[in-house]
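Inside the fold
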Amino acid sequence: MTKILLSLHVLAAIVAVGPVTVAASMFPPAARRAVPAGGDAPDPSAVSTVALLHRICRVYAGIGLTVPLFGFATGAAMGVLGSGWLVTSIALTAAAAGILVAFVLPRQEELLGRLNGEQTVEHRNTVQLAMFTGIFNLLWATVTVLMIVRPGSTTGA
């Protein structure tokens with residue numbers, strides 16, 4: 001049972017978190033490419049790409065809610081809910097979710113709204129979004145490593 005839960009947790013993390021991290025990373029440069037250098041109207045096909053990336057981020061952020069649920073179930077089945085590596089992973093997961101919901105998705109929506117309204121997109125806004133996206137991705141990478149290495153764990157699972 002423990003191995004099944006662990007497998008479901010890893011699968012949920014790959015299926016749910018992987019796409020949002022990739023799409024979120026692709027969003028800032030795609031938004032920059034959508035705005036021509038001469039100040040002309042944004043390229044409609046580039047704007048549709050940016051919209052698709054934002055939709056992927058929103059949908060997979062929702063699906064990503066299953067990852068902590070499987071994580072708690074796996075931790076309970078393994079009897080490690082009080083372990084430092086799991087508590088740290090939970091805290092980092094909460095921080096990553098907070099950054100995604102509070103900083104990444106709203107800034108994506110703002111930039112997409114500007115592009116749809118054929119307004120200019122300032123470079124500093126895409127750089128700031130890239131910074132928050134990088135922090136989000138770094139947190140998820142750290143959680144992934146902690147879940148695989150499980151420092152101090154003696155479960156052998």
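Quick caveat: nothing in here was measured; it's all calculated off a predicted structure.

1. Here we look at the packing of aromatic side chains
Under the definition given, this model contains one aromatic pair. Consider the rings of Phe 103 and Phe 132, whose centres lie 4.6 Å apart with planes at 10°: the pair is stacked. With Phe 103 in helix 4 (residues 84-116) and Phe 132 in helix 5 (residues 123-149), this pair connects stretches of sequence that are 29 residues apart. According to the relative accessible area criterion, Phe 132 is buried, its value standing at 13%.

2. Focus on unusual backbone geometry
The phi dihedral of Glu 118 falls on the positive side, at around 55°, and the residue is not glycine. As for its placement among the helices and strands, Glu 118 is situated in the loop between helix 4 and helix 5.

3. Remarks on the pattern of salt bridges
Counting across every chain of the model gives one salt bridge. When the shortest N-O distance is used, the salt bridge between Glu 122 and Arg 124 registers 3.0 Å. Under the relative-accessibility criterion, Arg 124 is labelled exposed at 58%.

4. Details of the nonpolar core
Phe 27, Val 50, Leu 100, Val 104, Leu 115, Phe 136 and Trp 140 are the most contacted members of the largest nonpolar core, which totals 38 residues. Broken down by secondary-structure element, the contributors of at least two residues to this core are helix 1 (2-34), helix 2 (44-63), helix 3 (66-78), helix 4 and helix 5. If one sorts the elements of this core by residue count, helix 4 sits on top with eleven residues. Residues contacting Phe 27, with those up to four places away along its chain left out, are Val 50, Leu 53, His 54, Gln 108, Leu 111 and Leu 129.

5. As for the confidence of the model for the protein
Per-residue confidence for the protein averages 85 on the pLDDT scale, and 87% of its residues sit at or above 70. Within the protein, the lowest mean pLDDT, 76, falls on helix 3, and the highest, 93, falls on helix 2.

6. What about the packing of helix 2 against helix 4?
Packing of helix 2 against helix 4 brings their axes to within 10 Å, and their N-to-C directions diverge by 155°. Looking at the two axes, helix 2 sits roughly antiparallel to helix 4. Of the two elements, helix 2 crosses helix 4, and the hand of that crossing is left-handed. Across from Val 47, Val 50, Ala 51, His 54, Cys 57, Arg 58 and Ala 61 in helix 2, the residues of helix 4 making contact are Leu 100, Leu 105, Gln 108, Glu 109, Leu 112, Leu 115 and Asn 116. Residue composition of the contact of helix 2 with helix 4, by class: nine nonpolar, three polar and two charged.

How each quantity is defined
- Residues numbered from 1 in each chain as written.
- Predicted model: local features only at pLDDT ≥ 70, side-chain atom pairs only at ≥ 80, totals over all residues.
- Heavy atoms only, no water.
- Phe/Tyr/Trp six-rings, centres within 6.5 Å; stacked < 30°, edge-to-face > 60°.
- Helix = DSSP H or I, 4+ residues; strand = E, 2+ residues; numbered from the N terminus.
- Buried < 20%, exposed > 50% of the residue type's maximum accessible area, 1.4 Å probe, protein only.
- Salt bridge = Lys/Arg side-chain N within 4 Å of Asp/Glu carboxyl O.
- Core = buried A, V, L, I, M, F, W, Y, C linked by side-chain atoms within 4.5 Å.
- Contact = heavy atoms within 4.5 Å.
- pLDDT = per-residue confidence, 0-100.
- Axes fitted to C-alpha atoms, helices over the stretch in contact; angles between N-to-C directions.
- Parallel < 35°, antiparallel > 145°, perpendicular 65-115°, else oblique.
- Left-handed = near helix turned anticlockwise from the far one by under 90°.
- Nonpolar A, V, L, I, M, F, W, Y, C, P; charged D, E, K, R; others polar.

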